[in-house]
Every structure is written in structure tokens, then in C-alpha cells.
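Here is how the chains run, residue by residue.
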Amino acid sequence: MRMFHVASDDEIKRGETTDIYFLRTEEILKAKGLDNVVAYAEITSGRFPRDWQWAVLCGIEEAAKLLEGHPVNVDAMPEGTIFTWTDFRGVRVPVMTIEGPYASYARLETPLLGMLCQSSGIATAAARIRLAAGDKLVLNFGARRMHPALSPLIGRSAYIGGVDAVSSVAAAKLLGIEPVGTMPHALIIVFGDQVKAWKAFDEVISKDVPRVALVDTYYDEKVEAVMAAEALGERLWGVRLDTPGSRRGNFAEIVREVRWELDVRGYKHVKIVVSGGLNEESVRELSEAGADAFGVGTWISNAPVIDFAMDIVDIGGKPVAKKGKLGGKKDVWRCGKCLTLVVRPKGSAKPKCPRCGSEMVSILKPLIRNGEIVADLPHPKQIREYVLSQLEAFRA
Ligand code: PCP
């Protein structure tokens, strides 16, 4: 008997979260002796949400584990690859290809797309917040905005996208990093006194946890910030402003005031953490106003999905396609310098980058061969470094 309304690993692996029409398709193909027909399918994206011009491919490790053991060959861009939904000439970019008896993987389309669509949306939102925050600290506080079964996935995708840490204990465990957080309003309300709560935190919590005092519960933020600095002095790492919308007015102005009042009293070491309803624009604005760290929840955890679709484009070596898609197997080339993508019919000559003339590399790599995972699946830390190195191209 399932306690929570989420699918188990086994149910996902068996394809039981699939859409019924795939099971009926398998049944028909078997009944008509077409269950050995080899189909080559590609996964491409539609236009990105929020007017994004690029996205971060995420969810490849889960996809590999889903497809593992099925009689298929799979190529894919490495997890963390930044891609555009069309190439230089407007051709949709395949991020993954699957080849094998279609009836052996038909039902996996639903879970596979779900894995890539959601993780890539979250990782992309995180990468955009990363760019907006520059080198400042970005913390993912979004576990409470989605079903808890997804916390490890949300934290992993946000971390791959570039956030520095996550507050979800389960996500941090999956990533092999320490969970990071400050204190909730509840702690202060239970004590009924901010100073007592801040001091209790300082007294009880292990010394390697930065002391960040929440300073918007009762009084004006700058008043509480000075109170916290006076209460904890050098041991205070920072203050968190999670000012409620009803009092937010010009949040950047509040941050400037808090910065000023702390500095004129010699508390230059005290950093300012902001959270609550943050997005790319407010992170950029608050960073300019003097904020040092950002707790971002909804904007990353509830990020819109990347609209991936899977289409058969080759049957038995013959190009096929539905309306709106291009038939035939394709090579995908990427410029090592400016990340420009070029899609060509498979086996075509290797192009030079049409944008900067640099060398291009084939970006679809073998992931699975005859049902066996053949690619090294890197740790999220490595994938995050790969994403950050690509983001440098955008910063340049
Ligand atoms: C929220 C909590 C989350 C933040 C805001 C995420 O504050 O701290 O981490 O917000 P977002 O989803 O809008 O980006 P509260 O709801 O005040 O909770 P708490 O008192 O526990 O900090």
C-alpha cells in the first residue's frame, strides 16, 4: 500500500507511469508482428519558456538508468550541456537519440521526457540566477514548493545549474554536500524574542554553521539587523531579510539602508542574505543594492519545463517524420569557443563554426550500447563545473 501518491523506482523503471496509448501501441505492434521494427527516434525541444535563448540539459543520468537493460543504442549530449532549441539555421537540435525495436522502448517516452523536461527547466532557471548573482552566494530554498518526493531531484538540478548550496537535507545527501540554511521565523516566534532566539542558535548550533540572524520578524529590518550585530558581534556571519510582500515596498532601498546602518556602526563583516519571491531581475537589482547572498525557492523549483518531444525520424535506414519535424538521422556539431550548434544529416562533412570559424565537435556522445550504459556518468559537482565553464562563454 503506497503511503504517498508518487511512483516508486520500480514502477518508473517498468514504465508504469507511461501514457496508456503507448501500451496499446506495443500491443498492436506485437499483434501485427511489427514489434521488431527498428526505429530511430530523436528528442528535440520546442521554443524555450520565459523567452530563454539557451537551456541546460539535465536528467541524463536518470534517463540512462531508465533505458538501461532495453535493447537500444542511445546517444546524448553530456549532462549539463548548454544548448539552443534550434541551430544556427533554425533546425531543431536533437539532444538525445534512441535506436532499437520501437516496441521495446515505446512506453518509456513518457517517463523519459518527464525526467528531461523538468530537470532541464530547473537547471536552466538556476543557471540564469547564477549569472544574475555573479560570484555571490546562491542558495536553493525551494524544497517546500514542490512534492517532497522531488526534493533530491530539484536540489540536484539546481546545483547542476550553478547554485552554491541547497537547504533540503535529502538533496544535500544525494549531492554529498552539507545542507545550508539560516533560521525560520518560527524559531523567533517560539522564543517570542529575536535576541533570545539568535543567542540560542549561537549557543546550540555547531560552530561550523554560519550564524545568519533573520531580521524581519517584528521590527524594521535595519533596527533588527543592528540588534543582531550588537548581540552576536564578530560571530554574526550575516542577517537574512525575508521581508513580507506587504512591507516590501522598495526592497533594494531596504537593503541599502541595512548595509549603511551596519557599516556606520563598524559591522562591515556582516553580510546581507535576501530571500522570498526572488527572480533573475530582483537578484540583479538586490545585488547592486548590496545583497551578498540569495535564497531562491519558487523561481527555480517551479521553473517551467523545457518542452522536449520525442519523434521517430528513421525506420530501417529510411528517413521518416511527422509534419513539423525533419526526417533522417543527424549529426550535431558544437563550436568549442562560442557554443554555436550546427545540425547536419548524419555523415555530412564536419563544418567550421558559422559564427566564429572555430573547430566544431560532435556533441552527441554514446550513452547506451545494446542496453548497457557505456558513458561515465559524472558526479553532479563535475557537471556543475561543466555548466559554469560554459556560462563563462555568456559572461565573455
Ligand atoms: C520562505 C522561506 C523560503 C523562502 C522564503 C523561499 O520564507 O524562507 O526559504 O521563498 P520563494 O519560494 O518565494 O523563493 P518564509 O515562508 O517566511 O519561511 P521561514 O519563516 O521558514 O523562513
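Scroll up for the structure.
Below you will find a few notes about this structure. (Residues numbered from 1 in each chain as written. Predicted model: local features only at pLDDT ≥ 70, side-chain atom pairs only at ≥ 80, totals over all residues. Heavy atoms only, no water.)

### A closer look at the overall build of the protein chain
- Along the backbone of the protein chain there are 15 helices and 18 strands.
- For the protein chain, the spread of C-alpha atoms along the three principal axes comes to 75 × 60 × 35 Å.
- With 396 residues in all, the protein chain has 51% of them scored as buried.
- At a minimum sequence separation of 6, the contacts of the protein chain that also span at least 24 residues come to 70%.
- Surface exposure of the protein chain reaches about 18600 Å², of which carbon and sulfur atoms provide 55%. (Helix = DSSP H or I, 4+ residues; strand = E, 2+ residues; numbered from the N terminus. Buried < 20%, exposed > 50% of the residue type's maximum accessible area, 1.4 Å probe, protein only. Contact = heavy atoms within 4.5 Å. Areas by Shrake-Rupley, 256 points an atom, 1.4 Å probe, with all protein chains shown as cover.)

### Things to note about helix 12 (residues 251-264)
- Taking 1.5 Å of rise per residue, the 14 residues of helix 12 would be expected to cover 20 Å, and the 20 Å separating its terminal C-alpha atoms lies within 8% of that figure.
- Turning to helix 12, its buried residues are Phe-251, Ala-252, Ile-254, Val-255, Val-258, Arg-259, Glu-261 and Leu-262.
- Two residues or fewer after helix 12 comes Gly-266, characterised by a positive phi angle close to 85°. (Expected span 1.5 Å × (residues − 1).)

### A word on the layout of surface pockets
- Considering only enclosed or pocket space, the largest pocket measures out at about 900 Å³ in volume.
- Around the largest pocket, the lining is made up of 25 residues, and of these Asp-9, Ile-12, Glu-62, Met-115 and Leu-153 lie nearest the centre.
- Taken together, the residues that form the lining of the largest pocket break down as 12 nonpolar, seven polar and six charged.
- Approximately 450 Å³ is the volume attributed to the second largest pocket.
- At the level of secondary structure, the elements contributing two or more residues to the lining of the second largest pocket comprise strand 11 (293-296) and helix 14 (298-301).
- Of the residues assigned to the lining of the second largest pocket, the class counts are seven nonpolar, 10 polar and four charged. (1 Å grid on protein atoms, 1.4 Å probe; cavity = no way out; pocket = protein on both sides within 12 Å on 5 of 7 lines; lining within 4 Å. Points joined across faces, edges and corners; volume = space filled by probe spheres on them. Nonpolar A, V, L, I, M, F, W, Y, C, P; charged D, E, K, R; others polar.)

### Here we look at the pairing of strand 10 (residues 271-275)
- With four of five residues buried, strand 10 is to be regarded as a mostly interior element.
- As judged from the four bridges shared by strand 9 (residues 236-241) and strand 10, these two strands associate in the parallel manner. Across the sheet, the residue bridging to Gly-238 is Lys-271, located in strand 10.
- Where strand 10 and strand 11 come together, three bridges link them in parallel fashion. Its bridge partner being in strand 11, Val-273 is matched across the sheet by Ala-293.
- Between strand 10 and its parallel partner strand 11, the chain crosses via helix 13 (residues 280-289), and the hand of that crossover is right-handed. (Pairing = 2+ DSSP bridges. Right-handed = clockwise from strand over helix to strand, strands pointing away.)

### Observations concerning the site of the ligand
- As a structural note, the neighbourhood of the ligand is formed by Phe-141, Arg-144, Arg-145, Pro-184, His-185, Arg-240, Asp-242, Gly-276, Gly-277, Val-296, Gly-297 and Thr-298.
- Interatomic distance of 2.6 Å between a side-chain N/O atom of Arg-240 and an oxygen atom of the ligand.
- Contacts to the ligand include Asp-242, whose side-chain N or O atom sits 3.0 Å from an oxygen atom.
- Here the ligand loses 80% of its free accessible area of 490 Å² to cover by the protein chains.
- Of the pockets mapped on this structure, the ligand occupies the second largest pocket. (Near = heavy atom within 4 Å. Polar contact = N/O pair within 3.5 Å; in protein donor to acceptor, adjacent residues only side chain to side chain. Sits in = over half its atoms within 2 Å of the grid points.)

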